[in-house]
Amino acid sequence: VLINIAKVKAALKKYDEALENLKAAMLIDDGYVDKTSFVSNEIAHIYLLQGKYKEALKYAQIAEKTSVNKGSEAFIYVLKNLHDIHIKLDDKNLAYSYLQRYTNLKLKEDSVKNTKLVTFLDLDYKAEKQQSQITQLNIEKKEDENRRKLLITGILASMVIIILIMVLYFFLRKKNKFIET
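Residues numbered from 1 in each chain as written. Predicted model: local features only at pLDDT ≥ 70, side-chain atom pairs only at ≥ 80, totals over all residues. Heavy atoms only, no water.

A. Region of the structure containing the pattern of salt bridges. Within this structure, the stated rule accounts for eleven salt bridges. The shortest N-O distance in the salt bridge between E109 and K113 comes to 3.6 Å. Of the two residues, E109 and K113 both sit in helix 6 (residues 92–180), four residues apart, roughly one turn of that helix. Note that R147 is salt-bridged to D144, the shortest N-O span being 2.6 Å. Taken together, the residues span about one helical turn, with R147 and D144 both in helix 6 at a distance of three residues. One continuous salt-bridge network, built from bridges that share partners, spans E73, K106, E109, D110 and K113. (Salt bridge = Lys/Arg side-chain N within 4 Å of Asp/Glu carboxyl O. Helix = DSSP H or I, 4+ residues; strand = E, 2+ residues; numbered from the N terminus.)

So, in C-alpha cells, the structure goes:
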C-alpha cells in the first residue's frame, strides 16, 4: 500500500512524501522476495526525477545487487533506471552497457509475452472454432429432425388421402351398385 501511495505522490511531484512512504515500506516485512530491490529502484527513480543523480545511482545499485530475479520486469526497470542515471552523469560507456542489458532482457520478455499471447489466441481460436462446429452440428441436427417430421407428416397425409380415396371409391362403387339394382 505504501509503495502505491508513493507512486501516486511521485506522479503528483510530491517527491519528499513519496520518498518517506518508500522508506517506510522498506521496513515492513510483507514476504515480498524482491522488495528491497523494487523499493530501492523506486527511490532511485524519484531521485532521478529530482535531479539528484548520485543519490539515484546509490539506490539503483542497491536495487541491482539485491535483485533476486534478474530476468523479471522489475529488474528490467532497474536496468532502465541505471541507463538513465548514467546518461545524466555523462558516463556514456556504462549507460550503453546498461542499455544493451535492458534491451536484451526487454526483447526476451516481449518474446515470452508474445509467445504467451500467440498461445492464448491459438487456444481461443480453437475453442471458438470448436464452439462454431458444435453450433453447426446442432443446426444440422435440428434440420434433420425437421426433415424427418416433414417426411412423417407427408407420409401420414398421403396415407390419409389414400384412405379417403379408397373410402370414396368404395362408397361410390356401392352407390353405383345400389343405383344399378
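B. Representation of the environment of K9. The topology assignment puts K9 in helix 1 (residues 2–11). The spacing of K9 and F38 is 29 residues in sequence and 17 Å in space, taken between C-alpha atoms. Setting aside residues up to four positions removed in sequence, K9 forms contacts with K14, E17, A18 and N21. (Contact = heavy atoms within 4.5 Å.)

C. Representation of the nonpolar core within the structure. Membership of the largest hydrophobic core comes to 29 residues, with the highest contact counts inside it found for L22, I43, I46 and I85. At the level of secondary structure, the elements contributing two or more residues to this core comprise helix 1, helix 2 (15–27), helix 3 (35–50), helix 4 (53–66), helix 5 (73–88) and helix 6. Sorting elements by how many residues they give to this core places helix 3 first, with seven residues. (Core = buried A, V, L, I, M, F, W, Y, C linked by side-chain atoms within 4.5 Å. Buried < 20%, exposed > 50% of the residue type's maximum accessible area, 1.4 Å probe, protein only.)

D. Local environment of unusual backbone geometry. Residues other than glycine seldom take positive phi values, yet K13 does so here, at roughly 65 degrees. Relative to the elements of secondary structure, K13 occurs in the loop between helix 1 and helix 2. A positive phi angle is found at D90, which is not glycine, with a value near 60 degrees. Inspection of the secondary structure assignment puts D90 in the loop between helix 5 and helix 6. Under the relative-accessibility criterion, D90 is labelled exposed at 55%.

E. Representation of helix 2. Compared with the 18 Å implied by 1.5 Å per residue over 13 residues, the 19 Å span of helix 2 between its first and last C-alpha is a close match. Listing the buried residues of helix 2 in full gives Y15, A18, L19, N21, L22 and A25. Down the axis, helix 2 shows its buried residues gathered within 165 degrees of arc, on one side only. Turned more than 90 degrees away from the buried face of helix 2, the exposed residues are D16, E20 and L27. On its buried face, helix 2 sits against helix 1 and helix 3. (Expected span 1.5 Å × (residues − 1). Arc of directions from axis to C-beta.)

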